[in-house]
Amino acid sequence: MNKTNRLAGLLLSGLLALTLSSPALSNVEVVPEQEDSINFSVVPYAFQSRDWGTAVGASGIVTGWLQPQMSVFATAIASDNGSRLGFAGMNNLMIPGQSQWLFDLQLLNSYYDATDYYVSGNPDYQHEKAGSNDSSAENYVRTSGKEAEYLARFRYILPIGDGINGALASMMHRKGETSHKSGSMNPFTNGFTTVEIEPFYLRQDLGEATPAKEDTSTNGIRLILDYDNRDSTQEPTTGNHVELKVTQGWSRKRRNAWRTWELKFSQFFDLGASDLWQQQVVALNGWVADTPTWNRTEKLNGAEEYRRPPSYAGVSLGGWYRLRGYNMNRFYGRSAVSYSAEYRVKPQWQPLQQLPLLGDWYSLPWWQWTVFADAGRVADTFSARTLHSDMKFSVGAGIRFKAEGVIARAEIATSEEGSRLIVFINQPF
């Protein structure tokens, strides 16, 4: 399923409109410039794409309502082919009297009249597993789909290292507005350590195209341990970031319980300034994931069934963050590895704030140029030798900028399956 194609047409309304229209804005930390100030923005837009046809939408964000650090975001899109999307999110709610806790909530519902899903069911590829490392790029099913994602996130910033100053300090760090400098990789003296608890519900109903034995919904809980020793999360130049994530899917009428784990590590190197560049950074990222229950079985409705997640909830590559030259969820299986390297520069020349209208209405303090390379592989066995053979690769370049506290990015990524335009928000790592 190529969700990027659904949103690429928003370029017609400008990158700022896309920034406010993407549900991923729920991941952005927004902190008002002044305490007790309420800021409200609405952006209408229209676009065309293969999946959406002609569509119109509007997005709005409110910051500082109820609490200075809190934000609420909503978006709605409807098209002439019947496709529609609605999203609402609340972020950074602090529990009164609990300075280390933050709470987020996200609700997404969508219906697509026709889009591509890399699942079994294509009659031309009956003897090939869709989404496998060796599968054909044409092995997908184009159909309508109903999707939903509901999740709550409870974040506890441990009172050690820089986290001793509480949750508000961690949010200012995300914006790059603290004097925090990366130091030794010691969570007791440097960086922010966060424990997250995330109950979730996912749904993907493809009607008659739903793969055999594929449950249309799943739910469970994620446990995340995050250590962030970067000098900033939005524009890091030094330090590192480590995240361990364990996802437990609960048993249902048509599916046994399943479990996945992921480990991500990022490192940043400051190359200094020059006559052309305000800033030069080399950013490296590695990611590994596995489904330890993949080959385990339990009885379900009287039959032995594998404890595997549905294709839309398990380990996958392709899309906005990993193997960007491939479509969203292009590859999936039991396990995966992914590596990325980026060269990020901020030019001395910065014309954004002088642009007509945009410069008058929005704060655009910097932009960033990037070139990158990705490598990765999925497999149905957790083997270092297998995962590092016959890997897939993509390369690309892009422009990123900060607008009203949000990082927007537009990239072109190329792989052996063609080129993709990625318009999204947040740094990929």
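What counts and what doesn't
Residues numbered from 1 in each chain as written. Predicted model: local features only at pLDDT ≥ 70, side-chain atom pairs only at ≥ 80, totals over all residues. Heavy atoms only, no water. Helix = DSSP H or I, 4+ residues; strand = E, 2+ residues; numbered from the N terminus. Buried < 20%, exposed > 50% of the residue type's maximum accessible area, 1.4 Å probe, protein only. Polar contact = N/O pair within 3.5 Å; in protein donor to acceptor, adjacent residues only side chain to side chain. Contact = heavy atoms within 4.5 Å. Salt bridge = Lys/Arg side-chain N within 4 Å of Asp/Glu carboxyl O. Pairing = 2+ DSSP bridges. Core = buried A, V, L, I, M, F, W, Y, C linked by side-chain atoms within 4.5 Å.

A few words on the side chain of glutamate 411. Here glutamate 411 lies in strand 19 (residues 406-415). Classification of glutamate 411 as buried rests on a relative accessible area of 1%. Side chain to side chain, glutamate 411 and arginine 400 meet in a polar contact 2.6 Å long.

What follows concerns the environment of glutamine 100. On the secondary structure map, glutamine 100 appears in the loop between strand 4 (84-93) and strand 5 (101-117). Distance in space between the C-alpha atoms of glutamine 100 and leucine 168 is 8.2 Å, their sequence separation being 68 residues. The contact partners of glutamine 100, leaving out residues within four places of it in the chain, are Arg155, Tyr156, Ile157, Leu158, Pro159, Gly163, Ile164, Gly166 and Ala167. There is a polar contact of 2.5 Å between the side chain of glutamine 100 and the backbone oxygen of isoleucine 157.

To continue, consider the pattern of salt bridges. A full pass over the atoms with the stated rule returns 24 salt bridges. One salt bridge connects lysine 346 with glutamate 235, and the closest N-O pair in it is separated by 2.3 Å. Taken together, the residues lysine 346 in strand 16 (residues 335-347) and glutamate 235 in the loop between strand 8 (217-228) and strand 9 (239-249) connect sequence positions 111 residues apart. Lysine 346 gets classed as buried once you look at its relative accessible area, which sits at 6%. Salt bridges linked by common partners bring Arg324, Glu342, Arg344, Asp374, Arg400, Arg409 and Glu411 together as one network.

Across eleven bridges, the pairing between strand 9 and strand 10 (residues 258-270) is antiparallel. When the sheet's bridge partners are listed, valine 242 is paired in strand 10 with phenylalanine 265. In this structure, strand 10 lies alongside strand 11 (residues 277-290), joined through ten bridges in antiparallel fashion. Within strand 11, the residue paired with phenylalanine 265 across the bridge is glycine 286.

In this section: the pairing of strand 18 (residues 392-403). Two faces belong to every sheet, and in a regular strand the side chains alternate between them. Note that strand 17 (residues 367-379) and strand 18 share ten bridges and pair antiparallel. Across the sheet, the residue bridging to glycine 376 is lysine 392, located in strand 18. Sheet topology places strand 18 next to strand 19; nine bridges connect them, and they run antiparallel. Within the sheet, the bridge partner assigned to alanine 403 lies in strand 19 and is valine 406.

Along the chain, serine 394 falls in strand 18. A residue is classified by how much of its surface remains accessible, and serine 394, at 1% relative accessible area, is buried. Distance from serine 394 to glycine 418, taken between C-alpha atoms, is 9.6 Å for residues 24 residues apart in sequence. Setting aside residues no more than four positions away along its own chain, serine 394 makes contact with Leu323, Arg324, Gly325, Phe372, Ala373, Asp374, Thr414 and Ser415. Looking at serine 394, its side chain comes within polar contact range of the main-chain nitrogen of glycine 325, at 3.3 Å.

Soluble globular proteins: nonpolar side chains tend toward being buried together. Membership of the largest hydrophobic core comes to 18 residues, with the highest contact counts inside it found for Phe47, Trp52, Ile77, Leu85 and Val119. Breaking this core down by element, the ones donating at least two residues are strand 1 (39-49), strand 2 (53-63), strand 3 (71-79), strand 4 and strand 5. Within the second largest apolar cluster, nine residues are counted, among which are Trp287, Leu317, Tyr326 and Phe331.

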